[in-house]
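Structural overview
Residue-level listing of the chains:
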Amino acid sequence: MTSPDHLTVRSPEDILGFIPHSLGYWPAQSLVAMTLQGTRLGATLRLDLPGPEVLAAPAKFLQAVLRYLEADKEADGTLLAFFTSNGSASSPSRYDGLLAGLDSTLERAGMPVREAWYVGDDFWRQAWCRDVSCCPLPGRPVQQIRDSTLNAEMVYRGSSVGPQPEEQARALPVSSLYLAAVREAETAWSAQLDLRRPSRPQFDAVLRIWRDLLNRPQGEAWLPGADRDGFLRASLLVPAYRDAVLMMAAAGTQAAEDGAGQLGLFRDECMLDPVAPQEEFQGAWASADGLQGRAAEGGPPQEGPPGADIPGYGDVLMGVAPAVPDWERLNALDLVLGRLAAAGGRAAAASFTGRGWIAWCRGRGSYSAAYLRQALDAEPGYRLAELLLELVRRGTLCGWAARKEAAWQKFGPDAA
């Protein structure tokens, strides 16, 4: 069997060792389902293991699993792994009934369960094996999974298994001096941007600054800059700017501009010149004259072929359009938002919400929920975070995550 990354899978330990790399963390109290396309691993799904009430009447849970897995149109089989406590690694397991229901449901859907395992804290075993000569109780040591050949190969290739999503969603620590300076700059920039909310030239200036930032060469070090970071955080406090940044990262400048124009955000009577942190952004936008001049010429250069269909904000938000988002720029935005969240406050709510949306677009519901909860901790009632968290809780898939040709690829161009 061959993994999506052209890694040879020789044993169950290899498959189980690949799961934490696929998710980014070692799952706990989780059902992990992996689709198969012949002998090739496909999509990975993780869901919280249900409680007693759902186990007693699992029909809705079974359909939710099926709905997720059916997004892989080429799937012809399924692998299941129940990550539980050691108590469930014994035989029989409290999840045997759920496994039987999944087996029947997926068989009817043309994705039969090829193999299933229970993985505890210390032991793991094949779920259907009752022969103690080959499947001794309580199971085989979990260390065999951690020592598997594929796990070693993934580590060699630079993949790592991090902490749980809730821990990874925490903001990076910052110095008290930087924190004070960036919040002071944010307050000053917010006052100026509030006066210019109806200004199309100011909108164009903000969008161009974000675009230039996200187009930086990959791997370029992020150096803290209180004035720049204060401006960026202040721009996220304006919903029109925040939404436009998300749209631009995924679908290009034209989609962001057209969507803002259709919402009727601008008024011609706002004559204030646009503002920007000049010392941090050189080139065409390095001066107020440059900002005003480029805005007068129609704003930032446009992207995409002439005459191309421009998606609306709703279609981009739900991952319906464009056909394939700009994952490189979304990855860059995710990193920037992580840095900007470090100073806390209301701007952190916008940053965490943006990261939650990107994680949802990637098909990583656990990470998305963790970021969105962080946003609501920073600002209870933050509306966009509430809406996105409801989508995650309902099990709604982002359109891009549901289509293989559009989905985010964690392990590079050959990943699934």
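In the annotation of an unreviewed UniProt entry, the entry for the protein chain reads DUF4192 family protein, and the organism field reads Pseudarthrobacter polychromogenes.

Observations concerning the environment of alanine 385
Topologically, alanine 385 is positioned in helix 18 (residues 383-394). The exposure class assigned to alanine 385 is buried, which follows from its relative accessible area of 0%. Considered as a pair, alanine 385 and alanine 369 are 16 residues apart in the sequence and their alpha carbons are 9.3 Å apart. In this structure alanine 385 touches Thr353, Leu372, Ala375 and Leu376, once residues within four positions along its chain are discounted.

Considering the sheet that holds strand 5 (residues 123-126)
Across the sheet, which stays open at both edges, the 6 strands sit in the order 2-1-3-4-5-6 with mixed pairing between neighbours. Two strands in the sheet have a free side with no partner beyond their single neighbour: strand 2 (40-48) and strand 6 (140-141). Note: strand 1 (residues 30-37) against strand 2, 7 bridges, orientation antiparallel. Within strand 2, the residue paired with alanine 33 across the bridge is leucine 45.

Quick notes on helix 17 (residues 365-378)
With 14 residues, helix 17 extends 20 Å between its outermost C-alpha atoms, agreeing within 8% with the 20 Å of an ideal straight helix rising 1.5 Å per residue. Of all the positions in helix 17, only Ser366, Tyr367, Ser368, Ala369, Ala370, Tyr371, Leu372, Ala375 and Leu376 are classed as buried.

Focus: helix 9 (residues 200-214)
Across its 15 residues, helix 9 extends 21 Å between first and last C-alpha, which sits within 8% of the 21 Å expected from 1.5 Å per residue. Taken residue by residue, helix 9 has Gln202, Phe203, Asp204, Ala205, Val206, Leu207, Arg208, Ile209, Trp210, Arg211, Leu213 and Leu214 as its buried positions. Where helix 9 begins, the side chain of serine 199 points an oxygen toward the backbone nitrogen of glutamine 202, at a separation of 3.1 Å.

Some points on the nonpolar core
Membership of the largest hydrophobic core comes to 86 residues, with the highest contact counts inside it found for Trp210, Leu333, Trp357 and Trp400. With 9 residues, the single largest contributor to this core is helix 16 (residues 345-361). Those residues in contact with leucine 333 that lie beyond four places of it in its chain are Trp210, Leu214, Val245, Leu246, Ala249 and Ile358. Listed in part, the 24 residues of the second largest apolar core include Leu66, Ala75, Leu80 and Leu102.

Scoring rules and cut-offs
- Residues numbered from 1 in each chain as written.
- Predicted model: local features only at pLDDT ≥ 70, side-chain atom pairs only at ≥ 80, totals over all residues.
- Heavy atoms only, no water.
- Helix = DSSP H or I, 4+ residues; strand = E, 2+ residues; numbered from the N terminus.
- Buried < 20%, exposed > 50% of the residue type's maximum accessible area, 1.4 Å probe, protein only.
- Contact = heavy atoms within 4.5 Å.
- Pairing = 2+ DSSP bridges.
- Expected span 1.5 Å × (residues − 1).
- Polar contact = N/O pair within 3.5 Å; in protein donor to acceptor, adjacent residues only side chain to side chain.
- Core = buried A, V, L, I, M, F, W, Y, C linked by side-chain atoms within 4.5 Å.

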